[in-house]
Amino acid sequence: MDESSGVMANNVARAIAAALDWKSPPHARNAAVSYLDSVKAGDVHVLAKTSFVLVKKDWSSAIRLHAYKMLQHLVRLQWDQLVSTERRDFANVAVQLMSEMADPCEEWALKSQTAALVAEIVRKEGLNLWEELFPSLITLSNNGPIQAELVAMMLRWLPEDITVHNEDLEGDRRRLLLRGLTQSLPEIFPLLYTLLERHFGAALSEAGRQQLAIAKQHASTVTAILNAVNAYAEWAPLPDLAKYGIIHGYDSIPIFVQSDLKFLECGVDNLSTLTAVAFYSLLPTSVFMHASFSSLSRQVVACRKRPTDADSEFDSAMSNIFQILMNVSRDFLNRSCSSAGTIGESEFEFAEYICESMVSLGSFNLQCLNGDGALLSFYLQQMLGYFQHFNLALHYQSLLFWLALMRDMMSKPKIVAHAAGESVNNLTSGSWQADNEKKKILNFLTDDICSAILNISFQRMIKKEKVHAGTTVFAGPLEYWSDDFEGKGDFSQYRSRLLELIRFVASDKPLLAANKVCERIITIIKGLMLASVPAQELAVVESMQLALENVVSAAFEGSNVYGGTSSETQQTLCRIFEGLLQQLLCLKWTEPELVEVLGHYLDALGPFLKHYPDGVGSVINKLFELLTSLPFMVKDPSTSTARHARLQICTSFIRLAKAADKSLLPHMKGIADTMSYLQKEGCLLRGEHNLLGEAFLIMASMAGFQQQQDVLAWLLEPLGKQWTLLEWQNAYLSDPSGLVRLCAEPVFMWSLFHTVTFFEKALKRSGNRKGHVNIQNNSTASSTPWHPMATHLSWMLPPLLKLLRAVHSLWSPPVIQALPAEIKAAMIMIDAERTSLLGEGNPKLSKAALTSAYGSQFESHKEGSAEPNEVDIRNWLKGIRDSGYNVLGLSTTIGDSFFKCLDVDSVALALMENIQSMEFRHMRQLIHSVLIPLFKGCPSDLWEVWLEKLLHPLLLHCQQALSCSWSSLLQDGRARVPDLHGILAGADLKVEVMEEKLLRDLTREICSFLSVIASAGMNPGLPSLEQAGHVNRVDISTLKDLDAFASSSMVGFVLKRRNLAIPALQISLNAFEWTDGESVTKVSSFCGVVVLLSISTNNVELREFVAKDLFSAIIKGLALESNAIISSDLVGLCREIFMHLADRDAAPRQILLSLPSITQQDLLAFEEALAKTSSPKEQKQLMKSFLLLASGNKLKALAAQKSVNVITNVTRNFVFSVRPRNLGSAPESRTTEEEHIGLAAIV
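Residues numbered from 1 in each chain as written. Predicted model: local features only at pLDDT ≥ 70, side-chain atom pairs only at ≥ 80, totals over all residues. Heavy atoms only, no water.

Colleague: Quick question: what am I supposed to make of the overall build of the protein here?
Modeller: If you tally the helices and strands in the protein, you get 57 helices and 2 strands. Each of the 1243 residues in the protein was classed as buried or not, and the buried ones make up 54%. Contacts in the protein between residues far apart in sequence, at least 24 positions, make up 76% of those at least 6 positions apart. Total accessible area computed for the protein in this model is approximately 52,800 Å², and 52% of it derives from carbon and sulfur atoms. (Helix = DSSP H or I, 4+ residues; strand = E, 2+ residues; numbered from the N terminus. Buried < 20%, exposed > 50% of the residue type's maximum accessible area, 1.4 Å probe, protein only. Contact = heavy atoms within 4.5 Å. Areas by Shrake-Rupley, 256 points an atom, 1.4 Å probe, with all protein chains shown as cover.)

Structure below.
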C-alpha cells in the first residue's frame, strides 16, 4: 500500500468511525457523512482501492463492514465506469477475499457481506463470469465447512434481485438474470445437494463424538445451504428441485431428527438451527412459500400454488414431498396416541413444524394427490389426527387447513369474461375440470371425517378458564384455548374460525350437522339438569348457542337443500330441529343467566322457523313467557342479571324477525296486543319497548309500504304527543340552565333519550335510503314520499335540533363555568374512551357499545332512579349526541323531505352556533354522521340556501383549530386539543398520545369531507383532462368562467365563494405540511378537482393559486416520508399543473428552478423530454425523476419508494418460518426528518 493510499484509507476510516459514533456532535457526524458521500461520488478507482484496503483484518469490524458496503455501492451504481479488464481484476480480488474470510474467528456479518459482494459482481457481469468462477467456487467449497458456508452464502445472494424488488433492475435486465440463473440450475442444485449431504452428515458425526465446536461449523454451513435453497426454491421450477436431488436429499433428515433428538438439544445451536426448523423451512416454506418484508414492516407470504397447467412432473415432485412429510407425521401421531406422556417439548415443537408444513402443502397443492386416492385419503386422515390432537398448537394448525380446504371446496366457481379469441368451450371445459377435481376431493370427506370435525369443534368452543373439573360433557384431556396461547390472536378469532368450519361442514352435510348439534345440545341440557352446581355448566351451554346458529343458518340458507334437493331431505331437517325445539320449549328455567341462553337458542332457530312457520307462535309465546318470568323492578339495574336478561330476550325478537322473515307476519297483531298489555300493566320499560318496537319495524318492512306506515304511526304517535309539547321545550331547552334542570329530572331525561333512540331505530329499519340525490335532478317540487318516515320528519326534527343546540351550549366557556360539578365531570372523556385512543382496549367505543339494541348499558339503565350521578349524565349526553346525530344524518338520506321541512337557520344554529367550543372528537362525529350525508343528499338547487351557512363556520373553525394544534405538535411535540381539558395530568406521555390521536382523527375527517365534496357524484359537470387537452397550450378563448361550474360542481360552488374557498384551500395546503399521509390521501382528490377547474376556467386567482401555492405545497409534501403512500398521485398532480399551466403562468417554472440541485439547462432538457411523449404515464415518470434530481434526492416520499437495501435479510441462522415465535416488534428505521413526528407513531 503506497503512502497516498494509506493516507486516504486512514481519512476514510476516521470518517466512518465519526459517522457511526453517536456520541460525536451532530456537526461532526454530518461532516463525516458528507465526506464519505464525496468519496463514493468521486473517482471510482480511488473508491475501489481505498475500500479494498479497509476490508482487511487490520481494521475494526465496523470499518470493514462499511467498506464492504462501499464496494457494493460501487458495483451496483458505478460498475460501468470500470473497463473490462478492471472489472475482471476487481472480481478476482473479491473472490480472493472469500478465501481470506475462511477463518473461524471472522464475524458472520463480514462473511455474509463478502459473499454478497461476489454475488453482486456476478449479477452485473452475467453468465460468462459465472461460468469462469464456478469451478473455483467448487474447489473453495471442498476446502472445509467455513469455505462451503461462504460459497452457500454467495449462492444465496445471487438471485437476490429476483426475490427482492429493486427498481434499478427492471425489464430486460431482470429477465436476463432470471434466464442466466435458470440455465445455471443444473450446476447450482447438485452442488447444494452435495454440500448439504456432506455437512449434515458431518454435523451429526461430530456431535456424536462430542466435537461441538466443529459440529457448530458444519451446522452453520447447513443453515447457509438451506437459506440458499430458500432463495432458489421461491422461483425455480419445482421439477428441477426434484430432478437435481434437492427434494430427495432431505428425505432422510427427519429420520435423523427423530432418531437422535438428544443431538437437537445438546448444543448445536439449538432446534431452530439445523433440525426441525431446517427441514420445515426446506420443504414447504422453501419450496412453496417465501416472504418479503416491506419498508412498513409488513410480512407478506406468497405461496406457490399448483399451476392450472401443471404437468405430471410437478404433481410427482409434490407427491414425493407429501409422502416425506406424512411418513414423519405418521410416526409422531402413532406415538402421541399410544404414549403421549413420553413425548417431550422438542418433539412437539418439531411436530408443529411438520404439521404447519403439511397445512401449507395441502392448502395449495392438494389437487396433486387427486390421482392417488390412497395417498389423499391417508393425508386427510393425518390432518384429522392433528385436528383431534389434544395439543392446542397442533389442533390450531390443522384447523387452518380444514378451513382453507372447506372454503375452497364450497366456493362457487368464478364467472369471468373470456379474453378475445378464447372460446367459451375452453372456459367451460376448464371450469368443469376444476369442479370435477373439487368433487373428487369432496368424496373423500366422509361422514366419519365430518362427524369428527364437528365433535371436536363443538368441544373447543369454550376457553380453558371456563372449563371446570366437574363438567360432564367433555371427553378426553383436551388442551383448551387459554389467554396465554401466544401468537394466534385472541379467542374470538379462534372461535370465529371454528364457527366458519362448522358452517362449511353443515353446508355440505346438513343432515349430519343438524343431528350432531341437536344431540350435543340435548346432552348438555340433560347434564345441566343433573349437575349439582349448574353454574359450572353455564359456559358449556352458552358455547353451543353460536354453533347452533351457524348450523341452522348453513343448513337452511347456505346449503343446496332448498335449492333443488329432494323434499325428503327438507322434511328430515325440519323433523330434527322440531325435536330440538320441543325440548327447548319444555324447559322451565328461571335463573336469569339460563333464561338469557334459552332465548338465544330460540332465536338461533330463526332460519328453521322461516321454513317451519307452525313453530313460530310457540316460540313467540315462550319468549314472552321468559320475559315476564324475570323480575321487573330491581335494586341496582346496572348490575342486575335479570335486567340484562330481559333486554336479551327483547333482542331475541329482533333476531327472530330478521331470520324468520315473513313467517312472523301472521303473529304481528298478537305481538302488538301483548306489548300493549305489558305496557298498560307497567311491566315493560321504555328501553324494552324500543327493542320490541324495532323488531316490529323489521316485520313491517317485509309486509309492504302501507303496513310500514301503519306500524310507524302506531309506534310513533304516542311518542309524538309528548315530544312535540312546547312546555318541556321551553322549560328545559330555552337556555343552558334548563338543561341543568333536566338532568335533575331522571325519569323525563331518560324518556327523552329513549324517544331519540327509537327515532334512530325507526329510520334504520324502515324503507330504503338513497346515497345522495342526483344533482342533475334539481327539482324540489312536492311528490309522494317514497319513504314511510318522510311524513314524520317535520315534527321529529325541530325539537331534536333544539335539544342538540342545548347540549352543544354546555361546552361554551360562559356556560361551562356556571355548571354544577357533576355535569362538568360528566363532560370529561371517560376512561374507556381514553383507553381506546391509546389502543389499549376495544378501538370501537361507540354507541354500539353503549346503546345498541343488543343489551346496552343505556337500555338497562335505572330509569326510575331519583338522583342521576356523573355516570348517568355522561351516558345520557353521549347517547343524545350519538343518536341525535344519527337521526339527522339518516333523515338526509330519505329524499328531499329533510330540506323541505326544516329551516336552514335552525339547523345552522343548532349545529354551528357553538362549534368553536366543540371538542375535536365531537366535531369529527358531527362531520361524519351529519354533515357528510347532508351534503351528499342536498339537491343542487338548494345549495345556495343550505351549504354556505353550514360550510363557512365549519371550514373556518377547522382551519384555525387544526393549524394551531398542528403547529403546536410540530414545534413543541404536543398537539394541545380541547378534548382533554379537566383530565388530571397523571401520565403526560399518554395525554400527549391521546391529543395527537384526536388531532389526526379530526384532520382525516375534514379531509375526508373535502374528498366527498370532490367526489364524482357531487361534480358531474366537470370536464375531463382529455377535454381540456393533453398539450400544455390551451386556447384561452375556449375557457369558461367559474360560474359555469358552480351549479353542477360542488367544488366549483365552494371556489366561487371566497369565504368558503379560502379556508378550504388553506386546509388543503396545510395538509401537505402535516405529517399525516392518510389525510393527504383523502385531500388529494379535492386538490385534483381544484387543479382541473384551474385548467378549465379563466379564473386568474384560481390559476395563480394552483400554479404557485398548490404546486409548491405538493412538492413540499413530497419532502415528508409520511406521504410516500400517496406520492404517485402527488407526482401526477405536479405533472398536470406543469403540463397545463406552465405556459399560462410563470410560477411552475420558477418553483422548479428554486429547487437546490437544478439548472436552467436541466429544466429545458426536462421540458424537451416531456414534449417527446404524449403518454401521461411516461410524463409522470419523467416528473418524478426530475423532482428527485432537482431536490438532490431530498424528497423523502419519492426516495422512500426508490431506495432498496443493498443487502437484505442478514440475520444469522435465519430460516424463514411463517410461525411467529415470541418475536418482538421489528425496530423501525431512525427518521432524519427535522419535524416532530409525534408520539402516536411510536406507541
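Colleague: Quick question: what am I supposed to make of the pattern of salt bridges here?
Modeller: Should the charged atoms of two oppositely charged side chains come close, the side chains can pair. Taken as a whole and judged by the stated rule, the model has 42 salt bridges. One salt bridge in this structure joins R765 and E694, with 2.8 Å as the shortest N-O distance. One end of the pair, R765, is in helix α36 (residues 746–765); the other, E694, is in helix α32 (residues 686–701), and 71 residues separate them in sequence. On the basis of relative accessibility, which here comes to 24%, the residue R765 falls in the partly exposed class. What makes E694 buried here is its relative accessible area of 5%. Each of the salt bridges in this network shares a partner with another, and the network as a whole consists of E996, R1000, R1004, D1076 and E1078. (Salt bridge = Lys/Arg side-chain N within 4 Å of Asp/Glu carboxyl O.)

Colleague: What should I look at first to understand the confidence of the model for the protein in this one?
Modeller: Low pLDDT means the predicted atomic positions in that stretch should not be read closely. Across the protein, pLDDT averages 81, with 80% of residues at or above 70. Across residues 252–303, where pLDDT falls below 50, the model places 123 contacts with residues more than four positions away in sequence or in other chains. Overall, residues 769–784 carries pLDDT values under 50, and its contacts beyond four positions in sequence, including any with other chains, amount to 36 contacts. (pLDDT = per-residue confidence, 0-100.)

Colleague: I tried to follow the nonpolar core on my own but got confused; where do I start?
Modeller: General note: in soluble globular proteins, nonpolar side chains tend to be found buried as a group. Core analysis: the biggest nonpolar cluster contains 388 residues, and F90, W402, F577 and W946 have the highest contact counts within it. Among the elements that take part in this core, helix α46 (residues 943–972) stands out by supplying 13 residues, more than any other. Each residue touching F90, except ones within four places of it in the same chain, is listed here: A48, F52, L71, L74, V75, W79, L82, L117 and I121. (Core = buried A, V, L, I, M, F, W, Y, C linked by side-chain atoms within 4.5 Å.)

Colleague: How should I be thinking about the side chain of R1057 in this particular structure?
Modeller: In this structure, R1057 sits in the loop between α49 (1050–1056) and α50 (1058–1073). We classify R1057 as buried; its relative accessible area is 14%. A polar contact of 3.0 Å, which involves the side chain of R1057, links it to the backbone oxygen of F1053. With near-sequence residues (within four places) excluded, R1057 lies in contact with E944 and E948. (Polar contact = N/O pair within 3.5 Å; in protein donor to acceptor, adjacent residues only side chain to side chain.)

Colleague: It is not clear to me how the packing of aromatic side chains should be interpreted in this structure. Could you clarify?
Modeller: To describe a pair of aromatic rings, one takes the distance between the centres and the angle between the planes. Tallying each qualifying case throughout the model produces 34 aromatic pairs. Taking 5.7 Å as the distance between ring centres and 40° as the angle between the ring planes, the aromatic pair formed by F898 and W946 counts as tilted. With a gap of 48 residues between them, F898 in helix α43 (residues 897–901) and W946 in helix α46 connect regions that are remote in the sequence. Judged on exposure class, the residue F898 and its partner W946 are both buried. Cluster of aromatic residues (ring-pair linked, three or more members): W723, W728, Y732, F748, F759 and W795. In this structure, R881 is placed above the aromatic ring of W811, and the distance from its NZ or CZ to the ring centre is 4.9 Å. (Phe/Tyr/Trp six-rings, centres within 6.5 Å; stacked < 30°, edge-to-face > 60°. Lys NZ or Arg CZ within 6 Å of the ring centre and 35° of its normal.)

Colleague: Any chance you could explain the state of the cysteines here in plain terms?
Modeller: Disulfides are covalent bonds that connect the sulfur atoms of two cysteines. Applying the stated criterion across every chain, the model contains 0 disulfides. Free cysteine: C958, not disulfide-bonded; nearest cysteine sulfur from C1007 at 9.9 Å. Accessibility expressed as a relative area gives 1% for C958, which makes it buried. (Disulfide = S-S within 2.5 Å.)

Colleague: Help me understand the packing of helix α22 (residues 447–459) against helix α23 (residues 491–508) in this model?
Modeller: Two packed helices can be described by the angle between their axes and the distance between those axes. Where α22 contacts α23, the axes come no closer than 10 Å and their chain directions differ by 150°. When the axis of α22 is compared with that of α23, the two are roughly antiparallel. Where α22 crosses over α23, the handedness of that crossing is left-handed. Residues C450, I453, L454, S457 and F458 of α22 touch α23, and the partners they reach there are L498, L501, I502 and V505. A per-class count over the contact of α22 with α23 returns 8 nonpolar, 1 polar and no charged. (Axes fitted to C-alpha atoms, helices over the stretch in contact; angles between N-to-C directions. Parallel < 35°, antiparallel > 145°, perpendicular 65-115°, else oblique. Left-handed = near helix turned anticlockwise from the far one by under 90°. Nonpolar A, V, L, I, M, F, W, Y, C, P; charged D, E, K, R; others polar.)

Colleague: Explain helix α30 (residues 641–660) to me, please; I cannot follow it from the model alone.
Modeller: An α-helix turns once per 3.6 residues; consequently, residues spaced three or four apart project the same way. Taking 1.5 Å per residue, 20 residues should reach 28 Å; α30 reaches 28 Å between its end C-alpha atoms and fits that length. Counting buried positions over the 20 residues of α30 gives 16, a clear majority of the element. Remark: D661 follows α30 within two positions and exhibits a positive phi of approximately 60°. (Expected span 1.5 Å × (residues − 1).)

Colleague: Can you help me understand helix α11 (residues 212–233) in this one?
Modeller: Over its 22 residues, α11 extends 30 Å from the first C-alpha to the last, a length consistent with the 32 Å expected when each residue adds 1.5 Å. α11 sits mainly inside the fold: 17 of its 22 residues count as buried.

Colleague: What should I look at first to understand unusual backbone geometry in this one?
Modeller: Keep in mind that most residues, glycine aside, have a negative phi and that most peptide bonds are trans. Although it is not a glycine, Q210 adopts a positive phi angle of roughly 65°. One non-glycine residue, D661, adopts positive backbone phi at about 60°. Structurally, the position occupied by D661 is in the loop between α30 and α31 (668–680). Here D661 falls in the partly exposed class, since its relative accessible area comes to 26%.

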